[in-house]
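Survey of secondary and tertiary structure
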Amino acid sequence: MATISLCMIVRDEEQVLARCLDSICGIVDEIILVDTGSVDQTIRIAGRYTEKIFRFPWIDDFSAARNFSLEQATMDFCMWMDADDVLPPECAEEFRRKKEELDHTTDMVMMPYETAFDSQGRPLFVYERERILRRGAGFRFLGRVHEAIPPAGKVVHWKVPIRHKKEKTGNNCRNLRIYQKMETDGETFDGRSLYYYARELQGQGHYEKAEVKFREFLKRTDGWKENKIDAARQLAFCCYQMKKEEEALEALLKTFVYDVPRGEVCCDIGRHFLDRENYRQAVYWYEQALKAEKKMETGAFVQEECYGFLPAISLCICFDRLGDTERAEKYNELAGKFCPDSKYYKANQEYFQRKRLKQHRTKEAL
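Rules and cut-offs
- Sequence order as written defines the numbering, with residues in each chain counted from 1.
- The predicted nature of this model means local features are confined to residues of pLDDT at least 70 and side-chain atom pairs, given and counted, to a pLDDT of 80 or more, with totals for whole chains, interfaces and linings taken over all residues.
- Based on all heavy atoms of the structure, the side-chain values leave hydrogens and waters out of the count.
- Every case where a carboxyl oxygen of Asp or Glu lies within 4 Å of a side-chain nitrogen of Lys or Arg is listed as a salt bridge.
- A run of H or I in DSSP becomes a helix once it reaches four residues, and a run of E becomes a strand once it reaches two; helices and strands are each numbered from the N terminus.
- Burial status follows relative accessibility: with a 1.4 Å probe on protein chains alone, a residue under 20% of its type maximum counts as buried, one over 50% as exposed, and anything between as partly exposed.
- UniProt positions are given in the numbering used here, feature names are shortened, and annotations may be inferred rather than shown by experiment.
- With a 1 Å grid laid over protein atoms only, a set of points is called a cavity when a 1.4 Å probe fits there but cannot get out and a pocket when it is open yet has protein on both sides within 12 Å along at least five of seven lines; lining residues have an atom within 4 Å of a point.
- Grid points are joined across faces, edges and corners, and a volume is the space filled by probe spheres set on the points.
- Put simply, a nonpolar core is a bunch of buried Ala, Val, Leu, Ile, Met, Phe, Trp, Tyr and Cys residues held in one set by side-chain atoms that sit within 4.5 Å of each other.
- What makes two residues a contact is simply this: any of their non-hydrogen atoms within 4.5 Å.
- Throughout, the ten residues Ala, Val, Leu, Ile, Met, Phe, Trp, Tyr, Cys and Pro are labelled nonpolar, Asp, Glu, Lys and Arg are labelled charged, and all others, Gly among them, are labelled polar.
- Any Phe, Tyr or Trp ring, taking Trp's six-membered ring, that has another such ring centre within 6.5 Å forms a pair; planes under 30 degrees apart are called stacked, those over 60 apart edge-to-face, and the others tilted.
- Lysine and arginine charges are scored as sitting over a ring when NZ or CZ, respectively, is within 6 Å of the ring centre and within 35 degrees of the ring normal.
- Between N-to-C directions, angles cover 0 to 180 degrees, with each direction set by a line fitted to C-alpha atoms, over the stretch in contact for helices.
- Orientation is classified from the angle alone, with under 35 degrees giving roughly parallel, over 145 giving roughly antiparallel, 65 to 115 giving roughly perpendicular, and any other angle giving oblique.
- If you view the pair so one helix is near and one far, a crossing is left-handed when the near helix is turned anticlockwise from the far one by less than a right angle, and right-handed when it is turned clockwise.
- Under the convention used throughout, the expected extent of a helix is 1.5 Å for every residue step, that is, one less than its residue count.
- A 3.5 Å cut-off defines polar contacts: any pair of N or O atoms within that distance qualifies, except that in protein one atom must be a possible hydrogen donor and the other a possible acceptor, and neighbouring residues in sequence count only when both atoms are side-chain atoms.

So, the pattern of salt bridges
The full count for this structure, using the stated rule, is 39 salt bridges. Between Arg199 and Asp230 there is a salt bridge, with its nearest N and O atoms 2.5 Å apart. Residue Arg199 is found in helix H6 (residues 191–203), and its partner Asp230 is found in helix H8 (residues 225–241); the two are separated by 31 residues along the sequence. With relative accessibility at 7%, the residue Asp230 sits in the buried group. What emerges from the salt-bridge pattern is a single network uniting Glu183, Lys209, Lys213 and Glu216.

Now the structure itself:
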């Protein structure tokens, strides 16, 4: 059976490290922990799980730290996790089974990464990441920030998720500061770094500069398709914030150049028309969202609600405002099948009940 080294980089993670390691320590064969400057109890906690603790000076480069952690591994495969990640307990046995099947012809294992959740703990935002790597394949992380390894060799896909369960507020300006320093120092941005620089600018509210960087990225030939689709969506968001509504819609329509319509984009366009009370046009796009294929194995950022609940509840609103109560109620019930505990679904049920009662009383009065 193949063996796995868990390779982690950490800094001041006393709040979550034990939770992470408890979820995976009985499954992996080695734990490599690289500390980049903790001043809390991180090292002491890590010592309960492994003796292989290393220190690496922080140089504003996540890839450098991750690659150092890979270099310390001795098992057949390397797996990475962040301290605020967990392997869900209900998935542990499936992970063990997959590990038993893992053979040495595999170079990379892609696994779902769940990073946002609803009030019931159901994943809202999911995408695949390169999670397990064959140690002798020469893989290296790339990028100072939002580091990644391009898929290569024999790639297999496991449907075993890793959950990102953030408990503390991070350094929201750190990533942007790194990118800004790269720009000031005249470093060359590859397509992926430029895309994430634009996203960091957007996240900090620098919409004008984010717009410039997204447009610059979309003109490049080295941009990954999924990043281009998302960049066009994020460009639209920036344009909306700056009241450039026509340019926002144009950006959303630009996504169709790169691939077939995604549920997320169809919902964005539907919202564009819904907000402007163009209900029939909104209906068309929300119906397309319900038909859209969810691209889980492409690495795309997938918003689960855009493939069920969100278009259904939005169609309910559209048809109600068009005066078609029967179809409005039908779509509300469909939304309830996707998310039965939604407060919007329940409020709509009460709304339609009141509406029917009012109509009944009106008929009786006549």
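Things to note about the UniProt feature "domain: Glycosyltransferase 2-like" (unreviewed entry) in the protein chain
Mapped onto the present numbering, the UniProt feature "domain: Glycosyltransferase 2-like" (unreviewed entry) falls on residues 5–104. Split by type, residues 5–104 is 33% helix and 21% strand. Its first and last C-alpha atoms lie 15 Å apart.

Observations concerning empty space enclosed by the protein
According to the stated counting rule, one finds one cavity of 30 Å³ or more in the structure shown. Considered as a void within the structure, the largest cavity measures approximately 150 Å³ in volume. Glu226, Ile229, Arg262, Ala300 and Phe301 are the residues nearest the centre of the largest cavity, which is lined by 15 residues in total. For the lining of the largest cavity, the element with the most residues is H8, which contributes five residues.

Some words on the nonpolar core
Ranked by size, the top nonpolar core spans 103 residues in total, and within it Leu6, Leu17, Ile24, Met79, Leu87, Phe95 and Ile132 carry the most contacts. Element by element, the count of residues in this core is highest for H8, at seven residues. Once residues within four sequence positions are removed from consideration, Met79 is found in contact with Ile4, Ser5, Leu6, Cys7, Ile24, Val28, Phe95, Arg131, Ile132 and Ile162.

Regarding the layout of surface pockets
Here the second largest pocket is characterised by a volume of approximately 770 Å³. The set of elements that each furnish at least two residues to the lining of the second largest pocket consists of H8, helix H9 (245–254), helix H10 (263–275) and helix H12 (309–321). When the residues that make up the lining of the second largest pocket are grouped by side-chain class, the tally is 15 nonpolar, five polar and eleven charged.

With respect to the packing of aromatic side chains
The final tally for this structure, using the stated rule, is 20 aromatic pairs. With 6.3 Å between their ring centres and 85° between their planes, Phe54 and Phe68 make a pair best called edge-to-face. A residue pair is termed long-range when its members are at least 10 positions apart, and Phe54 in strand E3 (residues 53–55) and Phe68 in helix H3 (residues 62–71) qualify at 14 residues. Each ring, one from Phe125 and one from Tyr127, has its centre 6.0 Å from the other, and the planes form 65°; the classification is edge-to-face. Taken together, the ring pairs in this structure connect Trp80, Tyr113, Phe125, Tyr127, Phe141 and Phe301 into an aromatic cluster. It is Lys165 that lies over the ring of Phe117; its NZ or CZ is 4.5 Å from the centre.

Topic: the packing of H8 against H10
Working note: a packed helix pair is described by the angle between its axes plus the distance between those axes. The N-to-C vectors of H8 and H10 enclose an angle of 20°; their axes lie 11 Å apart at closest approach. When the axis of H8 is compared with that of H10, the two are roughly parallel. The way H8 lies across H10 gives a crossing that is left-handed. Counted together, Ile229, Arg233 and Tyr240 of H8 and Glu264, Val265, Asp268 and His272 of H10 form the full contact between these two elements.

Quick word on H12
Taking 1.5 Å per residue as the helical rise, H12 with its 13 residues ought to reach 18 Å, and the 19 Å between its terminal C-alpha atoms agrees with that figure. Along H12, the residues classified as buried are Phe309, Pro311, Ala312, Ile313, Ser314, Leu315, Cys316, Cys318, Phe319 and Asp320. A positive phi of about 85° marks Gly323, the residue just after H12.

As for the environment of Met75
Examined against the element boundaries, Met75 turns out to sit in the loop between H3 and strand E4 (77–80). Residues Met75 and Arg134, 59 residues apart in the sequence, show an inter-C-alpha distance of 9.1 Å. If we skip the residues at most four places from it in the chain, Met75 touches Thr3, Ile4, Ser5, Asp29, Glu30 and Arg135.

Let's talk about H3
For H3, a buried count of seven out of ten residues is recorded, marking the element as mostly surrounded by other parts of the structure. All buried positions along H3 are accounted for by Phe62, Ser63, Ala65, Arg66, Asn67, Ser69 and Leu70. Where H3 begins, the side chain of Asp61 points an oxygen toward the backbone nitrogen of Ser63, at a separation of 3.0 Å.

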